[in-house]
Amino acid sequence: MENFGFAFEAGWQVVLVGVLLGAGLPAVFAAGIRSLAYAGGGATTSGADGGPAAAKPLGTVLAGACFLVVILGIVLGLTFILASGFGKELDFGSGIPTLVDKS
Amino acid sequence: MSESLVILLLVVAVALAFDFTNGFHDTGNAMATSISTGALAPRTAVLLSAALNLVGAFLSIEVALTVTNAVVEIQDSSGAPRSEYLTDGGSPLLLIVLAGLVGGIAWNLLTWLLGLPSSSSHALFGGLIGAAIAGLGWGGVNWLGNGEELDGVLGKVVLPALMSPVIAALVAALGTWLIYRITRGVAERFTERGFRWGQITTASLVSLAHGTNDAQKTMGVITLALLASGHWSDTASVPFWVKACCAISIAAGTWLGGWRIIRTLGKGLVEIESPQGLAAESSSAAIILASSHLGMALSTTHVATGSILGTGLGRPGAQVRWRVAGRMLVAWVVTLPAAAAVGAATWYLADLLGGGLGAVAVTLLLALGAAGMWWRAHHEPVGAHNVNDDWHEPSRPVPAAA
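Residues numbered from 1 in each chain as written. Chains lettered and ligands numbered in written order. Predicted model: local features only at pLDDT ≥ 70, side-chain atom pairs only at ≥ 80, totals over all residues. Heavy atoms only, no water.

Visitor: I'd love a proper account of the overall build of chain A, names of residues and values included.
Guide: Counting its regular elements, chain A contains two helices and two strands. Starting at the N terminus and walking to the C terminus, you meet the elements of chain A as α-α-β-β. Burial analysis of chain A (103 residues in total) assigns 33% to the buried set. Across chain A, contacts joining residues at least 24 apart in sequence account for 32% of those joining residues at least 6 apart. Summed over all atoms, the accessible surface of chain A reaches about 5700 Å², with 74% contributed by carbon and sulfur. (Helix = DSSP H or I, 4+ residues; strand = E, 2+ residues; numbered from the N terminus. Buried < 20%, exposed > 50% of the residue type's maximum accessible area, 1.4 Å probe, protein only. Contact = heavy atoms within 4.5 Å. Areas by Shrake-Rupley, 256 points an atom, 1.4 Å probe, with all protein chains shown as cover.)

Visitor: So what's going on with the confidence of the model for chain A? Residues and values would help.
Guide: All names here are of chain A. Put simply, chain A has an average pLDDT of 78, and 78% of its residues get 70 or more. Mean pLDDT in chain A bottoms out at strand E1 (residues 88-91), which sits at 72, and peaks at helix H2 (residues 57-85), which reaches 86. Contacts of residues 45-51 to residues separated by more than four positions or lying in other chains number five contacts, the stretch itself having pLDDT below 50. (pLDDT = per-residue confidence, 0-100.)

Visitor: Got a sec to walk through the environment of Ala10 of chain A? Specific residues and values, please.
Guide: Along the chain, the position of Ala10 of chain A falls in helix H1 (residues 2-39). C-alpha separation for the pair Ala10 of chain A and Ser84 of chain A, spaced 74 residues apart in sequence, amounts to 18 Å. Leaving out residues up to four positions away in the same chain, Ala10 of chain A has contacts with Leu294 and Met296 of chain B.

Visitor: Please give an account of helix H3 (residues 87-113) of chain B that cites residues and values.
Guide: An α-helical turn contains 3.6 residues, so a residue and the one three or four places further along point in the same direction. Residues and elements named next belong to chain B. Compared with the 39 Å implied by 1.5 Å per residue over 27 residues, the 39 Å span of H3 between its first and last C-alpha is a close match. If you look at H3, its biggest bend is around 35 degrees, right at Leu94. With respect to burial, H3 is a largely interior element, 21 of its 27 residues being buried. (Expected span 1.5 Å × (residues − 1). Bend = angle between axes of the 7 residues up to and from the residue.)

Visitor: Talk me through the interface of chain A and chain B; I want residue IDs and the actual numbers.
Guide: With 41 residues of chain A in contact, the opposing surface of chain B contributes 50 residues. Here chain A packs against chain B, burying approximately 3800 Å² in sum over the two surfaces, 80% of which is carbon and sulfur. For chain A, the biggest contributors to the area lost against chain B are Asn3, Val14 and Ile81 of chain A; these three give 16% of the whole. Taken together, the connections running from chain A to chain B amount to zero salt bridges. Applying the counting criterion to the chain A and chain B interface returns two residue pairs in polar contact (both at pLDDT 80 or more). (Buried area = accessible area lost by both parts, 1.4 Å probe. Salt bridge = Lys/Arg side-chain N within 4 Å of Asp/Glu carboxyl O. Polar contact = N/O pair within 3.5 Å; in protein donor to acceptor, adjacent residues only side chain to side chain.)

Visitor: Which residues make up a nonpolar patch on the surface, and what values go with them?
Guide: Residue and element names in this part refer to chain B. Side chains of Leu349, Leu352, Leu353, Leu357, Leu365 and Leu368 sit close together on the surface and give an oily, nonpolar patch of about 620 Å² of accessible area. Mapped by element, the contributors of at least two residues to the nonpolar patch are helix H11 (322-353) and helix H12 (355-377). Tracing the chain through its elements places Leu368 in helix H12. Its relative accessible area of 61% is what places Leu368 among the exposed residues. (Patch = residues over 30% accessible without salt bridge, like charges linked within 9 Å, V, L, I, M, F, W, Y side chains within 5 Å.)

Visitor: Could you give me a rundown of the environment of Trp374 of chain B, with the residues and numbers involved?
Guide: Residue and element names in this part refer to chain B. Secondary-structure assignment places Trp374 in helix H12. Classification of Trp374 by relative accessible area gives partly exposed; the value is 38%. Sequence separation between Trp374 and Leu10 is 364 residues, and the spatial gap between their C-alpha atoms is 21 Å. For Trp374, the residues in contact, after removing those within four places along its chain, are Trp112 and Leu256.

Visitor: Please set out the packing of aromatic side chains residue by residue, giving values where relevant.
Guide: All told, the structure shown has seven aromatic pairs over all chains when counted by the stated rule. Feature note: the residues Phe20, Phe24, Trp112 and Trp374 of chain B constitute an aromatic cluster, connected by ring pairs. (Phe/Tyr/Trp six-rings, centres within 6.5 Å; stacked < 30°, edge-to-face > 60°.)

Visitor: How would you sum up H11 of chain B? Please name residues and give values.
Guide: Its 32 residues place the ends of H11 of chain B 46 Å apart at the C-alpha level, agreeing with the 46 Å of an ideal helix rising 1.5 Å per residue. The first or second residue beyond H11 of chain B is Gly354 of chain B, which carries a positive phi of 90 degrees.

Visitor: Explain the side chain of Ser249 of chain B to me, and be specific about the residues and the numbers.
Guide: All names here are of chain B. Structurally, Ser249 can be placed in helix H7 (residues 240-256). Exposure remark for Ser249: the relative accessible area of 11% places this residue in the buried category. Sequence-distant contacts of Ser249, defined by excluding residues within four places in its chain, comprise Leu16, Asp19 and Phe20.

Visitor: Give me the pattern of salt bridges: which residues, what numbers.
Guide: Side-chain pairs of opposite charge can arise whenever the charged atoms involved come near each other. Residues and elements named next belong to chain B. Per the counting criterion, the structure on display carries five salt bridges over all chains. Measuring nitrogen to oxygen at the nearest pair gives 3.3 Å for the salt bridge that ties Arg315 to Glu273. Here Arg315, found in the loop between helix H10 (300-314) and H11, pairs with Glu273, found in the loop between helix H8 (259-268) and helix H9 (274-293); they are 42 residues apart in sequence, far enough to count as distant. Residue classification places Arg315 among the buried positions, given a relative accessible area of 16%. In this structure, a network of salt bridges that share partners links the residues Lys267, Glu271 and Arg321.

Visitor: So, the environment of Gly258 of chain B: which residues are in play, and what are the values?
Guide: Residue and element names in this part refer to chain B. Turning to its location among the elements, Gly258 is positioned in the loop between H7 and H8. Exposure remark for Gly258: the relative accessible area of 0% places this residue in the buried category. Each C-alpha atom, one on Gly258 and one on Ile133, is 31 Å from the other, the two residues being 125 residues apart in sequence. With residues up to four places along the chain from it excluded, the contact list for Gly258 reads Phe24, Thr27 and Trp112.

Visitor: Could you give an account of the packing of helix H1 (residues 3-37) of chain B against H10 of chain B, with specific residues and numbers?
Guide: Residues and elements named next belong to chain B. Packing of H1 against H10 brings their axes to within 9 Å, and their N-to-C directions diverge by 30 degrees. The angle between H1 and H10 places the two elements in the roughly parallel class. Of the two elements, H1 crosses H10, and the hand of that crossing is left-handed. In contact with Asp26, Asn29 and Thr33 of H1, H10 contributes Thr300, Thr301, Ala304 and Ile308. Grouping the amino acids of the contact of H1 with H10 by side-chain chemistry returns two nonpolar, four polar and one charged. (Axes fitted to C-alpha atoms, helices over the stretch in contact; angles between N-to-C directions. Parallel < 35°, antiparallel > 145°, perpendicular 65-115°, else oblique. Left-handed = near helix turned anticlockwise from the far one by under 90°. Nonpolar A, V, L, I, M, F, W, Y, C, P; charged D, E, K, R; others polar.)

This is how it looks when you write it as structure tokens:
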């Protein structure tokens, strides 16, 4: 019944990656959208005094950072798909994803 | 024309037909959310998905020829067919593969007619298992694998099927909850456009991954048939025409759009908003890619369905239609044994009538059955025009608006 052990071992890693990338990246994306709204003075539908809030450049910077992280995540996914088609795989052993031949 | 050549041609044709059903059965996995939220027009969505499946299939430069090894024992570990089934120009092996494919297609068409998203890989594996039991006995099935990795019916089919929907639902629910928490109070003009783009991007990733994964299975099966009949000898590559035919077939199927299944996934299970669509497809993409990296063979359908269910659990106030979810669950459990039963019956019939004649007969029967289901589907057509209509549970009256 070694299969149960293997399934458990792969399973918790899938959960980990899923939470980090599958739920984490959308959350970062949402944070980016919130920053963008903050930058445009629209984080809430109106400012404290009822009128539109003032624009804030910090929001633009934050939004840019968030979207950059999301784009990196998408590029990682794309690289993975392309690599597996060419008989390569991503190796995360060194901390930085690198392409190696499929074992 | 020799008998084995006739069977070979039928295997190739039926395999491509399976690839086609695989395409339209799974369109909804990637595109149901984008279609139901209106991020993409229905026709645009299926066209985009079809194009990405085509590209994905052609990207499969290195194709594993050992696809059947997961569940049945008709090949050795290099991908070469086992020599004991190669008498009469490979007819014994070709007949098992043909019967397995017939079982897979029959179940794919029936679940499509009922609008149920069931796994195409389970249907194929089920058909092969049934045909192998009929043709080779219980020993012809790889039940548990060799104990060195996740393998066999238990490791490649049963365990991933139990785990992947649960993991997907969990991740998607968490993602949905986070998104709604973070964007609470943000004006709609910012959220709507952003989440639409996010949704389309992630759905595209799922489509591309589907093209590379699923088209490969049919490429592997056709190449196995060519190896068995002596028309191909290289176990390290796939003939180009096989790759091209499979790619075109899965893309054409996707383009047709399995509207019945798209409707169930996008409207029936949960009413989806754009942020939920993004959460569902991100969860699907991350889990499909992570598990294929870790050698866990899972079904795109199970992951996508689990993710969509999860977004219903994660959004405060969203309603999950548990009756629909229950019907899907039943279909998932039944898929493997049902396809196996059809596969086994098909093999017995073909064997009874004898090689070439039997193969022709079962292929004709399959074509008749497919035409019948197609005709039945046209009584209640579901297409791009009504895929997003309001969902009413047939057996329970809709409560009047309070």
